[in-house]
Amino acid sequence: MKKFLIMLLAMMMVFSFAACGGGGGEDQAAAGDEFDAIDDNFESEDGKYQIAMVTDVGQLKDGSFNQFTWNGCKKYAADNGKSYKYYQPANGSNATDDDRIKAMTDACEAGAEVIVTPGFLQATALEAVADKYPEVQFIFIDGWDIGKPNVLGVSYQEEQAGYLAGYAAVMEGYTKLGFSGGGGGSNPACIRYGYGYAQGANDAAGEKGEKIEMRYSWEYGSSFSASDDLQAMLAGWFNAGTEAIFMCGGTMFDSGAAAAEAADGAIIGVDVDQSGQSDTVITSAMKGLAQSVQISLGDFYDKGLQKGQLVLGAKDDAVGLPVDTWSLANWSVDDYNALFEKIKSGEIVVKNDEVADPSKAGLDNITFVK
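Residues numbered from 1 in each chain as written. Predicted model: local features only at pLDDT ≥ 70, side-chain atom pairs only at ≥ 80, totals over all residues. Heavy atoms only, no water.

Some words on the pattern of salt bridges
Inspection of the entire model under this criterion finds 18 salt bridges. Salt bridges sharing common partners tie together Asp142, Glu158, Glu159, Arg192, Asp271 and Lys287. (Salt bridge = Lys/Arg side-chain N within 4 Å of Asp/Glu carboxyl O.)

Next comes the structure, spelled out in structure tokens:
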């Protein structure tokens, strides 16, 4: 319990999502500078690396999910005198389960005591590798309890962060929204983000007595990567009247930002505060990646092997919007804090069903268009 309270305090210091806090963008920016000061490429004198991270697909420095998970790894290692290394499986965005198995095995053979594995695609590789290295701790970020005594699943209530972003966009005055998701509609975290976003937009529209439009697509997002095809699709959305698009998937953000810049449109970031990456970002749906990784690493080194499932959300101040850096002018921080407290207390319950197509979810205040 003491360790969990420390975790909550750490998250509150960085994000400050509670009613009295009102933000955390400046704190996160400072933390980002601190992370950047730590070398990504640690050189071990004996060739052994105690803390490892294995990506699933996409780039390490994606400005979002992979990067901030890695930030938590290297920050804990630097603060605690541990050696560290990241492994990107062969074939990049087209990495296979065999590629991930080899990367995890390489990390174990190089002396890893704990391996952080971000991304739902890691499950098959974890099933194959965890039993072979029973003394190694595996931390499955955006994952679940796979029933292994040395695998801890860490997940987040992304639907709550998505809800806040969708609600904020409509209260700001946007009536034509978009969602572009990663993983091709099979990534649980992206599905939760998107369904929460639609619920928040629907509820805000209902409060205002309005109907809004939404374009919603998983197209060109299977590898979570930027592409010319994705940018062209999003440019078409903006040209058709879409005003703000939630970019939910790694470097897909780059395609959205480029399309928005050309059309004078707006983007909503994901996982971390992405306002520093483009002037088109109006806010970001965030979760405490770096902080939860540091806490999970600390639990392993303090207590030994961890297993089961850790789920973090508004109740833990582990999701929210960066109020210090958002560019919203028509919806106040006080209104945001009041809404956040209703989610935190359970007065507002955001559904977390894996609904990849919210057009079938009975959201009466949204018209879904192609």
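Focus on the nonpolar core
Counting 51 residues, the largest nonpolar core has Leu177, Tyr197, Met214, Phe246, Trp331 and Tyr336 as the members making the most contacts within it. Taken together, the elements giving at least two residues each to this core come down to helix 6 (158-172), strand 6 (176-181), helix 7 (188-208), strand 7 (212-217), strand 8 (244-248), strand 9 (266-271), strand 10 (281-287) and helix 11 (333-345). Here the element with the most residues in this core is helix 6; it accounts for nine residues. (Core = buried A, V, L, I, M, F, W, Y, C linked by side-chain atoms within 4.5 Å. Buried < 20%, exposed > 50% of the residue type's maximum accessible area, 1.4 Å probe, protein only. Helix = DSSP H or I, 4+ residues; strand = E, 2+ residues; numbered from the N terminus.)

What to know about the packing of helix 8 (residues 228-239) against helix 9 (residues 252-263)
Between helix 8 and helix 9, the least distance of the axes is 8 Å, while the angle of their chain directions is 40 degrees. Classified by the angle their axes make, helix 8 and helix 9 are oblique. The handedness of the crossing between helix 8 and helix 9 comes out as right-handed. Counted together, Leu230, Gln231, Leu234, Ala235 and Phe238 of helix 8 and Met252, Ser255, Gly256, Ala258, Ala259, Ala260 and Ala263 of helix 9 form the full contact between these two elements. The class makeup of the residues in the contact of helix 8 with helix 9 is nine nonpolar, three polar and no charged. (Axes fitted to C-alpha atoms, helices over the stretch in contact; angles between N-to-C directions. Parallel < 35°, antiparallel > 145°, perpendicular 65-115°, else oblique. Left-handed = near helix turned anticlockwise from the far one by under 90°. Contact = heavy atoms within 4.5 Å. Nonpolar A, V, L, I, M, F, W, Y, C, P; charged D, E, K, R; others polar.)

A word on the sheet that holds strand 11 (residues 308-312)
Pairing is parallel in the open sheet, where six strands are placed in the order 2-1-3-4-5-11. Each edge of the sheet is formed by a strand with only one pairing partner; in this case those strands are strand 2 (84-87) and strand 11. Averaged over all adjacent pairs, the angle separating strand axes in this sheet is 20 degrees, with direction ignored. The pairing of strand 4 (residues 137-141) with strand 5 (residues 151-156) spans four bridges and is classified as parallel. Within strand 5, the position partnered with Phe138 by the bridge is Val151. Here helix 3 (residues 65-80) sits on the sheet in contact with strand 1 (51-54), strand 2, strand 3 (114-118) and strand 4, set at roughly 175 degrees to strand 1. Where helix 4 (residues 97-109) meets the sheet, it contacts strand 1, strand 2, strand 3 and strand 4, and its direction lies at approximately 160 degrees from that of strand 3. (Pairing = 2+ DSSP bridges.)

Observations regarding the side chain of Ser225
If you trace the backbone, Ser225 turns up in the loop between strand 7 and helix 8. A distance of 3.1 Å separates the side chain of Ser225 from the side chain of Ser93, its partner in a polar contact. From its side chain, Ser225 meets the backbone oxygen of Ser223 in a polar contact 3.0 Å long. Excluding residues that lie within four positions of it along the chain, Ser225 makes contacts with Ser93, Tyr220, Leu230, Thr251 and Met252. (Polar contact = N/O pair within 3.5 Å; in protein donor to acceptor, adjacent residues only side chain to side chain.)

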